[in-house]
Amino acid sequence: MKLEYLIFNLVIFISPFVAYLFYPKVIFALNIKTLISISLSSFIFVLHDILVTNKWWYFNKKYILGFRIFNLPIEEIIFFFSVSLSCLTIYLNLLFLKTNTNQYLFLFPFIIFIVYFYICLKYNKPYIKTFFIFYLFLIFFDFFIAKTRLIVNFKFIIFLIIVFLLTLIFNYYLTKRQIVLYNKKIITGVKILTIPIEDFLYGLTFIYLVTIIYHFL
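From a predicted model like this one, the values you see are computed outputs, not experimental measurements.

**Student:** Sorry, what's going on with the packing of helix 4 (residues 108-123) against helix 7 (residues 197-216) here?
**Tutor:** Two numbers describe a pair of packed helices, the interaxial angle and the distance between the axes. Between helix 4 and helix 7, whose axes approach to 12 Å, the crossing angle comes to 135°. Classified by the interaxial angle, the pair formed by helix 4 and helix 7 is oblique. Here helix 4 runs over helix 7; the crossing is left-handed. The segment helix 4 lies against helix 7, with Ile112, Tyr116 and Ile119 engaging Ile197, Phe200, Leu201 and Leu204. Class assignment for the residues of the contact of helix 4 with helix 7 results in 7 nonpolar, no polar and no charged.

**Student:** Honestly, a nonpolar patch on the surface in this entry has me stumped. Any pointers?
**Tutor:** A cluster of nonpolar side chains, contributed by Leu10, Phe13, Ile14, Phe17, Val18, Leu21, Phe22, Tyr23 and Leu30, occupies part of the molecular surface with about 930 Å² of accessible area. One can find Phe17 in helix 1 (residues 4-22).

**Student:** Teacher, can you tell me more about unusual backbone geometry here?
**Tutor:** Residues apart from glycine generally show negative phi values, whereas peptide bonds are mostly found in trans. Although it is not a glycine, Lys147 adopts a positive phi angle of roughly 55°. Positive phi, close to 55°, is recorded for Arg149, a residue that is not glycine. On the secondary structure map, Arg149 appears in the loop between helix 5 (126-145) and helix 6 (154-176).

**Student:** Which parts of the structure should I look at to understand helix 2 (residues 32-52)?
**Tutor:** Residues three or four positions apart in an α-helix share a direction because the helix packs 3.6 residues into each turn. If you check helix 2, its first and last C-alpha atoms are 30 Å apart, about what 21 residues at 1.5 Å a residue would give, namely 30 Å. Three or more residues of helix 2 are buried, namely Thr34, Ser37, Ile38, Ser41, Ser42, Phe45, Val46, His48, Asp49, Ile50 and Val52. In the core, the buried residues of helix 2 are packed alongside strand 1 (57-59), strand 2 (68-69), strand 3 (72-73), helix 3 (74-94), helix 5 and helix 7. The N-terminus of helix 2 is capped by Asn31, whose side-chain oxygen sits 3.1 Å from the backbone nitrogen of Lys33.

**Student:** Would you take a moment to explain the nonpolar core for this structure?
**Tutor:** One recurring pattern in soluble globular proteins is that nonpolar side chains are buried together. Residues Tyr5, Phe45, Trp57, Tyr116, Tyr127, Phe156 and Phe159 are the most contacted members of the largest nonpolar core, which totals 68 residues. For this core, the element with the highest residue contribution is helix 7, accounting for 13 residues.

**Student:** What's the story with the environment of Leu94 in this structure? I'm lost.
**Tutor:** Structurally, the position occupied by Leu94 is in helix 3. Remark: the alpha-carbon pair of Leu94 and Phe206, spanning 112 residues in sequence, is separated by 19 Å.

**Student:** Even after reading the chapter, I still don't get helix 4, so can you show me in this structure?
**Tutor:** For helix 4, which comprises 16 residues, the first-to-last C-alpha distance of 22 Å matches the rise-based estimate of 22 Å (1.5 Å per residue) to within 8%. Where the residues of helix 4 are buried, they touch helix 5, helix 6 and helix 7. Looking one or two residues beyond helix 4, the residue adopting positive phi is Asn124, at roughly 55°.

Thresholds, definitions, all that
- Residues numbered from 1 in each chain as written.
- Predicted model: local features only at pLDDT ≥ 70, side-chain atom pairs only at ≥ 80, totals over all residues.
- Heavy atoms only, no water.
- Axes fitted to C-alpha atoms, helices over the stretch in contact; angles between N-to-C directions.
- Helix = DSSP H or I, 4+ residues; strand = E, 2+ residues; numbered from the N terminus.
- Parallel < 35°, antiparallel > 145°, perpendicular 65-115°, else oblique.
- Left-handed = near helix turned anticlockwise from the far one by under 90°.
- Contact = heavy atoms within 4.5 Å.
- Nonpolar A, V, L, I, M, F, W, Y, C, P; charged D, E, K, R; others polar.
- Patch = residues over 30% accessible without salt bridge, like charges linked within 9 Å, V, L, I, M, F, W, Y side chains within 5 Å.
- Areas by Shrake-Rupley, 256 points an atom, 1.4 Å probe, with all protein chains shown as cover.
- Salt bridge = Lys/Arg side-chain N within 4 Å of Asp/Glu carboxyl O.
- Expected span 1.5 Å × (residues − 1).
- Buried < 20%, exposed > 50% of the residue type's maximum accessible area, 1.4 Å probe, protein only.
- Polar contact = N/O pair within 3.5 Å; in protein donor to acceptor, adjacent residues only side chain to side chain.
- Core = buried A, V, L, I, M, F, W, Y, C linked by side-chain atoms within 4.5 Å.

Any functional reading would require information that these geometric values do not contain.
In structure tokens, the structure reads:
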């Protein structure tokens, strides 16, 4: 059981390689731009997690090896690298697909804004407020600093929807198994299945940041 979170990360990490075995045309996200964008984004989120672990959330000792950097389990650090590598691989392959633009998909980022703005006002909890503000900052960063304008890019919006669905699958496992436990004082209590609504914004902002940096480079 102590290997469970590590094995979870390994499954995510090897998924692009498994895909390549069945479909050799898969484009891998293994290059210097990938490593830089993943490392910079992971550093920011790891630093945040170091500050809030054992305050905002906890890691079940039954499912981790016990090796920590500061107070953060090594499995959580690996998580950022495995998830971002797999997600970037999905994104790079989406870029080469021929897709027809659907104007309604452009509502997705706006819907995220409306839903989370409403929840922030209603519950006033630190977890959701922090990442809602970060989401707004990333939109500003995307448009005016990096000038990548991903949030209005059709294929990137499809990618965000895929990330949302993957979060639904993988975070359901983490929360259902109670590998990650939450401090009820910092979350709203609004959940999809067993997943706090905040986790979806957390995952989207992380991947959004990784992708912006990748394009900027």
